[in-house]
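So the chains spell out like this:
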Amino acid sequence: MNLAYDWSIPNSIKAKSIRSIALSGLQDLILYDLVITKPVGVVELAGSRAGTVSTVLLAVFSHDIRSNAPSFRLDSDYAIGTLGFPASMFAAVLQMVSLNNVYFRICSDAARNAVSTEASLQWFADRT
């Protein structure tokens, strides 16, 4: 049985747990061995396993979103995607992800990472 996922295409995953932290924005934070530059807040969405790895999306809020550009990392334990947001969006995104149905999308093309309240909405973002 092949449990490998194809991370070159976006994978939509239902969030099973959500954690958040509010920070000063004055120092860096290390999560999952990723250095997050001076975040004001971070929302962690953990999903189900995808093959042999756990899935996570980190929504990072900072005053300098270029330092926290979307990224993707795959190692033996985790498939981790990040999304960078302006600090001013922290409360809005936190409210959105506090709803019952939250999905996230991660992909090796990190520009396609997304978070939504409905899985089908993520695919509209790809159409132009």
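As shown above, the structure is provided for reference.
Source: prediction; values computed, not measured. (Residues numbered from 1 in each chain as written. Predicted model: local features only at pLDDT ≥ 70, side-chain atom pairs only at ≥ 80, totals over all residues. Heavy atoms only, no water.)

**A word on the nonpolar core**
Definition in use: Nonpolar core, defined: a set of buried Ala, Val, Leu, Ile, Met, Phe, Trp, Tyr and Cys residues in which side-chain atoms within 4.5 Å join the residues together. Burial classes follow relative accessibility: with a 1.4 Å probe on protein chains only, a residue under 20% of its type's maximum area counts as buried, one over 50% as exposed, and anything between as partly exposed. Helical segments are the DSSP runs of H or I of at least four residues, strand segments are the runs of E of at least two, and each set is numbered from the N terminus. We call two residues in contact when some of their heavy atoms are within 4.5 Å.
One finds Leu45 and Ile106 to be the most contacted residues of the largest nonpolar core, which totals 22 residues. Contributions of two or more residues to this core are made by β1 (11-22), β4 (39-50), β5 (53-62), β7 (78-86), α1 (90-97) and β8 (103-106). Ranked by residue count, the leading element in this core is β5, at four residues. Among all residues touching Leu45, those that are not within four sequence positions of it are Ala15, Ser17, Ile18, Thr55, Val56, Leu57, Val97, Val102, Phe104 and Val115. With eight residues, the next largest nonpolar core counts Ile36, Val56, Leu58 and Val60 among its residues.

**Overview of the side chain of Asn11**
Put simply, the rule is: As used in this structure description, the phrase polar contact means that two N or O atoms lie within 3.5 Å; if the pair is within protein, one of them must be able to donate a hydrogen and the other to accept it, and residues adjacent in sequence are counted only when both atoms belong to side chains.
Checked against the element boundaries, Asn11 lands in strand β1. Within the structure, the side chain of Asn11 is placed 3.3 Å from the backbone oxygen of Asp6, a separation counted as a polar contact. If sequence neighbours within four positions are ignored, Asn11 has contacts with Tyr5, Asp6, Phe104, Arg105 and Ile106.

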